[in-house]
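So the chains spell out like this:
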Amino acid sequence: MVQTNEDSLGALYHPLHGEQLENPYPFYARARREEPIFFSPDLGTWVVTRYDDILTILNQPDVFSSKDALRPVVRFSPAVFAELSKGYPIVSNVVDSDGKEHTRFRNAVGKAFVPKRIKQLEPFIKEVMTSLVDGFIHDHKAELISQLAYPLPLEVALFLIGVPKEDMASTKKLSDHTSMLFNSPLPEEQQVECARDFVRFQHYFIQLVNKRRSAPGEDLISDLLETPAGERPFDDTQFANLLISMVIAGHETTTQLIGNGLALLLGHPERWQTLCAHPERIPQAIEEILRYDSPVHAFFRTTTREVTVGGIKFPPETLLMVVFGSANRDETQFPQADQFDMQRSPNRHLAFGYGIHFCVGAFLARKQGQIALETLCQRLPNLRLAPQQRLSHSPVLRQRGFKHLDVVW
Ligand code: HEM
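In this report, the structure presented in the accompanying data block is examined. Owing to the predicted nature of the structure, the values given are computational and were not obtained by experimental measurement. (Residues numbered from 1 in each chain as written. Predicted model: local features only at pLDDT ≥ 70, side-chain atom pairs only at ≥ 80, totals over all residues. Heavy atoms only, no water.)

## Let's talk about the site of the ligand
Now for step 1: Near the ligand lie 24 residues; those nearest to it are His102, Arg106, Arg301, His357 and Cys359.
Now for step 2: In the model, an oxygen atom of the ligand is placed 2.6 Å from a nitrogen or oxygen of the His102 side chain.
Now for step 3: At 3.4 Å, a backbone N or O of Ala249 approaches a nitrogen atom of the ligand.
Now for step 4: Only helix 5 (99-110), helix 12 (236-250), helix 13 (252-266) and strand 5 (298-303) provide two or more residues apiece to the shell around the ligand. (Near = heavy atom within 4 Å. Polar contact = N/O pair within 3.5 Å; in protein donor to acceptor, adjacent residues only side chain to side chain. Helix = DSSP H or I, 4+ residues; strand = E, 2+ residues; numbered from the N terminus.)

Okay, structure coming up:
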């Protein structure tokens, strides 16, 4: 058994509360210096904070399994389980599978994300962006999370999967409730309602898959229906899980990229002005946003055998949380890591992970971030943070983003 000690930093680790929720970086800097891998009794996991240790873990997927990557952070009551039992069972998908199973999923979803297909999506991304900005441009104020950063990637993810326009509004609600169910601590009654919508979402997708069987299109569902020689087709349970996980993976992560980015840029108006004057610098600025305030802050791995990391020996079945957000501020990798430098180069951040589970949607996420910032620079170059607002973060363990972002122009 690994020994933990009472003076460990783990007892001081409260990432979902107070100061650490708003700004966890000083705590991680201390951890990287004093105790780079510590046990968190609150979370029941080891926490890994140094870039090199995280890379070591991500580079050995056979020793560090992804099977618990999506472990729920919220505890479900029996009433919630009763609702969930009416749907398809929750089974592993691309994010939380290993070995051959992962390769099969990854190859199947990969086709929808090749740069050529994402380029074809560009006009749709621009169209959604334009209509969102049209919706508030005459108001001279907006709340950019709910009015822009949240709806844009959700529509894009649903479109990529193959959800028709006429179903967008109803599926958005199902998606909202699904994400709330797995990410937010809710009163039981609301949890049950969200679980009901999660099951409806599963059934909706299976109906859509059946439609595509007879009339395939240029979308992710149609890609997934093409079974390579020697492979078994996906069954309904796998389809339901895979499609919902694609919405979740692609949605709020990108919301947070856009929201965190806007807060960093508008919080220092000279940064915003520079980008508006030099929009060709936006892609590089997006890399720094991803590094400096990483939307996907952490993920889990589980050891498959005894292994030593950072001088600590772990038995099999040990849960480790790799904190991308901390790795991305590691001074050994990034000179002046706590400085936001829009022209940082090289910038080998781990915001999209590393190795075989590297984010399949990275190119799409970057493209959406770029189109969002370019459009705002063009149409609202005078954008400013609304005065006297206190920005606060949503208490979500794996991700990091603001609840609201009020702006004026
Ligand atoms: C800024 C936005 C995004 C960020 C920061 C992000 C981050 C990540 C990270 C860190 C991982 C690795 C997880 C691990 O190692 O266990 C990952 C995997 C993944 N991401 Fe993203 N992601 C973003 C956007 C997207 C989008 C737009 C999609 C698709 C629509 C997507 C789909 C996926 C999928 C399917 C995986 C699993 C890949 C695998 O396990 O092989 N992501 N993402």
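## Observations regarding the coordination of the iron atom of the ligand
Now for step 1: There is one protein donor for the iron atom of the ligand, and it is Cys359 (SG), at 2.3 Å.
Now for step 2: Relative to the helices and strands, Cys359 is located in the loop between helix 16 (324-327) and helix 17 (362-379). (Donors = N, O, S within 2.8 Å, 3.2 Å for Na, K, Ca; no water.)

## Some points on the pairing of strand 5
Now for step 1: A large share of strand 5 lies buried, amounting to 6 of its 6 residues.
Now for step 2: On strand 5, burial covers both faces: Ala298, Phe300 and Thr302 on one face and Phe299, Arg301 and Thr303 on the other are all buried.
Now for step 3: Across 2 bridges, the pairing between strand 3 (residues 64-65) and strand 5 is antiparallel. Residue Ser65 lies in a different strand from strand 5, and its bridge partner there is Thr302.
Now for step 4: Bridge count between strand 5 and strand 8 (residues 319-323): 5 bridges; the pairing is antiparallel. Note that in strand 8 the partner of Thr302 across the bridge is Leu319. (Buried < 20%, exposed > 50% of the residue type's maximum accessible area, 1.4 Å probe, protein only. Pairing = 2+ DSSP bridges.)

## Description of the sheet that holds strand 4 (residues 141-143)
Hydrogen bonding along the main chain pairs the strands of a sheet, whether they run parallel or antiparallel.
Now for step 1: An order of 4-10-9 is seen for the 3 strands of this open sheet, with the pairing classed as antiparallel. With partners counted over all chains shown, the strands left at the sheet margins are strand 4 and strand 9 (384-385), one partner each.
Now for step 2: In this sheet, strand 10 (residues 406-408) lies alongside strand 4 in antiparallel orientation, the contact comprising 3 bridges. Each bridged residue has a counterpart across the sheet, and for Lys141 the counterpart in strand 10 is Val408.

## Some thoughts on unusual backbone geometry
Now for step 1: Looking along the chain, the bond that leaves Ser345 and enters Pro346 is cis, with omega of -5°.
Now for step 2: With respect to the helices and strands, Pro346 occurs in the loop between helix 16 and helix 17.
Now for step 3: Residues other than glycine seldom take positive phi values, yet Glu317 does so here, at roughly 65°.
Now for step 4: Despite not being glycine, Gln388 has its phi angle at roughly 60°, a positive value.
Now for step 5: Residue position: Gln388 is located in the loop between strand 9 and strand 10.
Now for step 6: Relative accessible area serves as the criterion here: at 85%, Gln388 is assigned to the exposed category.

## Brief notes about helix 3 (residues 51-58)
Now for step 1: Most of helix 3 sits inside the fold, with 6 of its 8 residues counted as buried.
Now for step 2: Three or more residues of helix 3 are buried, namely Tyr51, Asp53, Ile54, Leu55, Ile57 and Leu58.

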